[in-house]
Amino acid sequence: MKIMTGNDGFNAQPVSKQLMIVMFVVAAILLVPLVAMQFTSEVNWDIFDFAVMGILLLGTGTAFVVGARMFTATKARVILGIVLGLTLFLVWAELAVGVFGTPFAGS
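As the structure is a computational prediction, the values presented were derived from the model and not from experiment. (Residues numbered from 1 in each chain as written. Predicted model: local features only at pLDDT ≥ 70, side-chain atom pairs only at ≥ 80, totals over all residues. Heavy atoms only, no water.)

Enquirer: Residues and numbers for the environment of Thr-62, please.
Expert: On the secondary structure map, Thr-62 appears in helix H3 (residues 47–70). In contact with Thr-62, other than residues within four places in its own chain, are Leu-19 and Val-22. Reaching out from Thr-62, the side chain makes a polar contact with the backbone oxygen of Leu-58 at a distance of 2.8 Å. (Helix = DSSP H or I, 4+ residues; strand = E, 2+ residues; numbered from the N terminus. Contact = heavy atoms within 4.5 Å. Polar contact = N/O pair within 3.5 Å; in protein donor to acceptor, adjacent residues only side chain to side chain.)

The structure is reproduced here in structure tokens:
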């Protein structure tokens, strides 16, 4: 699936290449707790934690790639990135410590 639109640098890359970059970045981010678990007992993730964080990161990255193709203005892409980043942070914080006390916070 190689969709190319526009002449700017972002839209000039094929979607498949952009999604491969997202997957590489997600894998690199998930390596941080995996390596930390080898050196300290304070980081204690199981396979479910890695799966949930992987889904959150992949979903956010994919949403940005798809959403950024819809906007040509840099300002709109920045706003999209900020909104997606804040949403990711709030969901992650809720899952980690239950900031809002929702049922899926694990409490």
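Still to come is the rest of the account.
Enquirer: Tell me about the nonpolar core, and please be specific about residues and values.
Expert: With nine residues, the main nonpolar core is built from Val-22, Val-26, Leu-30, Phe-50, Met-53, Leu-56, Leu-57, Val-65 and Leu-88. Among the elements of the structure, helix H2 (15–39) and H3 are those that each provide at least two residues to this core. No other element matches the five residues that H3 contributes to this core. Setting aside residues up to four positions removed in sequence, Leu-56 forms contacts with Leu-88, Val-91 and Leu-95. (Core = buried A, V, L, I, M, F, W, Y, C linked by side-chain atoms within 4.5 Å. Buried < 20%, exposed > 50% of the residue type's maximum accessible area, 1.4 Å probe, protein only.)

Enquirer: A description of helix H4 (residues 74–97) should follow, citing residues and the corresponding values.
Expert: A rise of 1.5 Å per residue sets the reference length of H4, with its 24 residues, at 34 Å; its end C-alpha atoms lie 34 Å apart and thus fit the reference within 8%. If you check which residues of H4 are buried, you get Arg-77, Leu-80, Leu-84, Leu-88, Ala-93 and Glu-94. Just downstream of H4, Gly-98 is the residue with a positive phi angle, here 70 degrees. (Expected span 1.5 Å × (residues − 1).)

Enquirer: Run through the environment of Phe-50, naming residues and quoting values.
Expert: Structurally, Phe-50 can be placed in helix H3. Separated by 19 residues in sequence, Phe-50 and Leu-31 have C-alpha atoms that sit 9.7 Å apart. Not counting chain neighbours up to four residues away, the residues in contact with Phe-50 comprise Leu-30, Pro-33, Leu-34, Met-37 and Trp-45.

Enquirer: How would you summarise the packing of H3 against H4 if you had to cite specific residues and measurements?
Expert: One can describe the packing of H3 onto H4 by two numbers: an axis separation of 10 Å at closest approach and a directional angle of 165 degrees. Our classification of the angle between H3 and H4 gives roughly antiparallel. In terms of crossing hand, the pair formed by H3 and H4 is right-handed. The residues of H4 that touch H3, namely those facing Val-52, Met-53, Leu-56, Leu-57, Thr-60, Ala-63, Phe-64, Gly-67 and Ala-68, are Arg-77, Leu-80, Gly-81, Leu-84, Leu-88, Val-91, Trp-92 and Leu-95. In the contact of H3 with H4, the residues fall into 13 nonpolar, three polar and one charged. (Axes fitted to C-alpha atoms, helices over the stretch in contact; angles between N-to-C directions. Parallel < 35°, antiparallel > 145°, perpendicular 65-115°, else oblique. Left-handed = near helix turned anticlockwise from the far one by under 90°. Nonpolar A, V, L, I, M, F, W, Y, C, P; charged D, E, K, R; others polar.)

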